[in-house]
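Given next are the chains, with one letter for each unit.
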Amino acid sequence: MDYKTEKQKGSVKFAFTVPADEWEAEINAAYIKTKGKYAIPGFRKGKVPRKMIENAYGPTVFFDDAFNACVSKAYTKALAENEDVFPVDEPKVDVEKLGENGLVFTVEVTVKPEVTLGQYKGLTVKKASYPVTDKEVDEDIERNRQSKSRLVDVTDRAAQDGDTVNIDYSGSIDGVAFAGGTAQKQSLTLGSHSFIPGFEEQVVGMKIGESKDLKVKFPDDYHAEELKGKDAVFAVTLHGIQYREVPELNDAFVKDTTQFETVADYRADVQKRLQENAARREDNENKNNMIDAIVANASVDIPACMVDSELDYMLQDFEYRLSYMYGGMKLDDYFKYTGSSREGFRKDRREEAEKAVKTRLTLEAVIKAEKIEPTDADWNARLEELCKHTGKSAQEYEKTLSDTQRSHLKSDITVEKTLDLLAKETVFDAKVAEKKAAPKTASAKSASDKPAAAKSPAKKAAPKKEDAKA
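Quick caveat, the model's predicted, so the values are computed rather than measured. (Residues numbered from 1 in each chain as written. Predicted model: local features only at pLDDT ≥ 70, side-chain atom pairs only at ≥ 80, totals over all residues. Heavy atoms only, no water.)

### A few points about the sheet that holds strand β4 (residues 102–110)
Spatially, the 4 strands line up as an open sheet ordered β1-β2-β4-β3, and their pairing is antiparallel. Sheet topology places β1 (2–8) and β3 (92–99) at the edges, where each strand pairs with a single neighbour. For this sheet, the mean angle separating the axes of adjacent strands, direction not counted, is 10°. (Pairing = 2+ DSSP bridges. Helix = DSSP H or I, 4+ residues; strand = E, 2+ residues; numbered from the N terminus. Axes fitted to C-alpha atoms, helices over the stretch in contact; angles between N-to-C directions.)

Structure below.
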C-alpha cells in the first residue's frame, strides 16, 4: 500500500493506493471474519464458500468490511509515519476507485493549527493586589465565634430583633386560606428577612403564648402568581424565644477552640493564613493576566471543530456540576426550568470556548518553543506530594496510575513550569491600566482557581468504521 501526503492550510490529505493483491487479501479477510452470519441452504453457518455467498448476495458483499479495515490500517500507518500531523476532527474519506483491480481513496483531516507567537517574554502586565485588612481578620475571628455560639431559651421578655422564635402561622386572603400558608412549630430568626416583608417586624414584641394577626402584602414579584401583590393576614401564635449566645473573645475561648494560648497568638495566625490565601490569589490572578497578554499577542486560525469540541466539553462539565450540586439534576431539566436550551448555551459560551482553545494552543506553542518538559526530579516531587495522605510510598503510588493519569500529571507539571518561567520574565505593575475584561476561561473563572492550563494533546485516532464506508 502506497500513499502520498498533501499538506494544505488547516488540513492534510493522504491519497492511498491499494494494489489488487492487497485488496483481495482484505476482501478474503472480511469473508473469514463475517461468513458466520450468512445462511445458504445446504451449508452449515460459517462453512459457506465465499463464492456461494457472493453469488447469493452480490460480488461486493464483503467490500464494506474490507474497505473499513483498509482505511483504518492505512490511516493509522500514515499518522504513525507523520508525527507532525495532529488531527483535531474525524477524517473525511473519499473513494476514487474500488473494484477487483484494487482500491484508491483519500483521507482528509483537519489538523491542529500553527500558532504564530508574538511577544511572550518581558511583558509588563497588571499586578493584582489583595492586602489583608484588620477588618478581614476581625470578620474571620467573628465567624469562628459565631460558629461556637449556642441558642439559649428566653422566658422573661418579649421577642427582639435577632431572636429565633418558634411559631405557628396560618395565612389567608379575604378570609380564605391559601396553599402553603400554614405551618406549625416553625423556627424563624427575626431580622433574617426570610419571610415576606413586614412579617418578622410584627413578630418583634410578641410574648410566649401570645397570638396575633399580622397584616402583610405579598410583593409584586412574588414567585407564586396567585399571590403576587395580594393583601394577606397571618394568624400567628408564638411558642418560644431563643437568643444566640456568642462566647466572649478571650484567652479562655482561644484555648478551648484553637491550638493557641492567647488571643494575640490566635489573631496573628489568622492574619498569616489570610495573607497566604491572598498571596495565592494574587499569584493566580497575575499569571492569568500574563496568559491573557501572551494570548492576545499570538495569532492562530482556530478550526470550528475545535471550538465545537470545547463547547461539548463545557456542556459535559456543566452537566456534571449540576448533578453534583443539585442531587442528580439533569441538564435538560435545567434548561426546561430556566427557559434556556443547549443551543443557547453553546451560543452564549462560544466566545469563551474560542478563548479557551486559543489559550491552550498558545501555551502549547510556548512550551514547544522553550522545549519545556518535566524532569525526573519534577516527577518524583509531584509523586511525593500526591502520596502524602495515601499511606503509600511514591513508588507504590506510581504503580496505581493509569497511562491517562500519568499523561495528565506530566502535562500539569509542564504547564506549571512554563508559567513559572514566564512569570520570572514578566513585570507585574499595579500602575498598569486595567484592560477591558476578556471572557473568562473555565480555568480562570475565579481568582481562587488555578491559572489556565493546556490540556493534554488528544491522541491520534483512526476513523470510525461508519465514517469510512464507501
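### A word on the nonpolar core
With 30 residues, the main nonpolar core has Phe14, Trp23, Phe62 and Phe105 as its most contacted residues. Of all the secondary-structure elements, those providing two or more residues to this core are β2 (11–19), α1 (20–34), α3 (63–81) and β4. Sorting elements by how many residues they give to this core places α3 first, with 9 residues. For phenylalanine 62, the residues in contact, after removing those within four places along its chain, are Ile27, Ala30, Tyr31, Thr34, Tyr38, Arg50, Ile53 and Glu54. Ile167, Ile173, Ala183 and Ala232 belong to the second-largest nonpolar core, a separate cluster that totals 24 residues. (Core = buried A, V, L, I, M, F, W, Y, C linked by side-chain atoms within 4.5 Å. Buried < 20%, exposed > 50% of the residue type's maximum accessible area, 1.4 Å probe, protein only. Contact = heavy atoms within 4.5 Å.)

### Overview of the packing of helix α8 (residues 304–325) against helix α10 (residues 342–370)
Here α8 crosses α10 at 115°, and the two axes come no closer than 8 Å. Considering the angle they form, α8 stands roughly perpendicular to α10. Between α8 and α10 the crossing geometry is right-handed. Residue-level inspection shows Ala304, Met306, Val307, Asp308, Glu310, Leu311, Asp312, Met314, Leu315 and Phe318 of α8 in contact with α10, the latter providing Arg342, Phe345, Arg346, Arg349, Arg350, Glu352, Ala353, Glu354, Ala356, Val357, Arg360 and Leu361. Of the residues contributing to the contact of α8 with α10, the split by class is 12 nonpolar, no polar and 10 charged. (Parallel < 35°, antiparallel > 145°, perpendicular 65-115°, else oblique. Left-handed = near helix turned anticlockwise from the far one by under 90°. Nonpolar A, V, L, I, M, F, W, Y, C, P; charged D, E, K, R; others polar.)

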